[in-house]
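The lines below spell out each chain.
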Amino acid sequence: MIEEFKKFALRGNVVDLAIGVVIGVAFGAIVASLVADIIMPIIGSITGGLDFSNYYIPLSSKVQAGLSYADAKKQGAVLGYGQFLTVLLNFLIVAFVLFLVIRAMNRLLRAQDAKADVPQAPEIPADVKLLAEIRDQMAALNAHMGGAAR
């Protein structure tokens, strides 16, 4: 069973998948930072200068007004629509970037397929080349001798 597991774990597809997951996690962190540190502050300034991730609706009378979302959650039930919008925007950015990457890859593949579809002149077999050389040499010899070999 251990040998089977080693064979499975070291198979190329599993290693490729692991690399993809690691790169995906790193990419997710980059996008999360882009949204949280660059895009959402701009949107927050447009909507009145507040931190967008702190937009919430209290669902409990225990929640005091003016608290951050994290502090309000500690006091009681809150509906954190600002946090949801941040995560939704995160998803849309990731989906759009992946769309652009896949679109570019598909265009590249189509261009490669178009090049591959161009018919190329078939390779002339070696024996045919040799016969053509013999023919040409005989024709040259015949022309040099003035056609007297007939």
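Note that the structure is predicted; figures quoted are calculated from it, not measured.

Would you mind showing me how to read the overall build of the protein here?
Each helix and strand in the protein was counted, giving 5 helices and 2 strands. Listing each helix as α and each strand as β along the protein from the N terminus yields α-α-β-α-β-α-α. Here the C-alpha atoms of the protein give a radius of gyration of 35 Å, more than 25% beyond the 15 Å that 2.2 N^0.38 yields for 150 residues. Each principal axis of the C-alpha distribution contributes one length, and for the protein these read about 120 × 55 × 20 Å.

Could you clarify how one ought to interpret the pattern of salt bridges in this entry?
Overall, the coordinates contain 2 salt bridges when judged by the stated rule. Put simply, Asp 136 and Arg 135 hold a salt bridge, and the shortest N to O gap is 3.1 Å. With a relative accessible area of 53%, Arg 135 lands in the exposed category.

In this structure, what is going on with the confidence of the model for the protein? I would like to understand it.
The predicted coordinates of low-pLDDT regions are not to be read in fine detail. Per-residue confidence for the protein gives a mean pLDDT of 83, with 94% of residues at or over 70. Confidence scores differ between elements of the protein, with helix 1 (residues 2-9) showing the lowest mean pLDDT of 81 and strand 2 (residues 78-79) the highest of 92.

Would you take a moment to explain the nonpolar core for this structure?
A general trend in soluble globular proteins is that nonpolar side chains are found buried together. Core analysis: the biggest nonpolar cluster contains 6 residues, these being Val 31, Val 35, Met 40, Phe 52, Tyr 55 and Ile 93. A per-element tally of this core places helix 2 (residues 12-46) first, with 3 residues. The residues contacting Met 40, other than those within four sequence positions of it, are Val 35, Phe 52, Thr 86 and Leu 89. Core analysis: the next-biggest nonpolar cluster, separate from the first, contains 5 residues, Tyr 56, Val 63, Ala 72 and Val 78 among them.

Would you mind going over the packing of aromatic side chains with me for this structure?
Remark: the centre distance and the inter-plane angle together describe each pair of aromatic rings, the angle taken between the planes. If you walk through the whole model with that rule in mind, you get 3 aromatic pairs. Ring centres 6.0 Å apart and planes at 45° place the aromatic pair Tyr 55 and Tyr 81 in the tilted group. Here Tyr 55, found in the loop between helix 2 and strand 1 (57-58), pairs with Tyr 81, found in helix 4 (residues 81-117); they are 26 residues apart in sequence, far enough to count as distant.

Which parts of the structure should I look at to understand the UniProt feature "transmembrane region" (unreviewed entry) in the protein?
The UniProt feature table records "transmembrane region" (unreviewed entry) at residues 21-43 and 81-102. Counted over residues 81-102, helix gives 100% and strand 0%. Its end C-alpha atoms are 31 Å apart.

So what exactly am I meant to see when it comes to the environment of Gln 83 here?
With respect to the helices and strands, the residue Gln 83 is situated in helix 4. A C-alpha to C-alpha distance of 13 Å links Gln 83 and Ala 72, two positions 11 residues apart in sequence. Excluding its chain neighbours within four sequence positions, the residues that come into contact with Gln 83 are Phe 52, Ser 53, Tyr 55 and Tyr 69.

Quick notes on the rules
Residues numbered from 1 in each chain as written. Predicted model: local features only at pLDDT ≥ 70, side-chain atom pairs only at ≥ 80, totals over all residues. Heavy atoms only, no water. Helix = DSSP H or I, 4+ residues; strand = E, 2+ residues; numbered from the N terminus. Rg over C-alpha atoms; globule rule 2.2 N^0.38 Å. Salt bridge = Lys/Arg side-chain N within 4 Å of Asp/Glu carboxyl O. Buried < 20%, exposed > 50% of the residue type's maximum accessible area, 1.4 Å probe, protein only. pLDDT = per-residue confidence, 0-100. Core = buried A, V, L, I, M, F, W, Y, C linked by side-chain atoms within 4.5 Å. Contact = heavy atoms within 4.5 Å. Phe/Tyr/Trp six-rings, centres within 6.5 Å; stacked < 30°, edge-to-face > 60°. UniProt positions renumbered as here; feature names shortened; annotations may be inferred.

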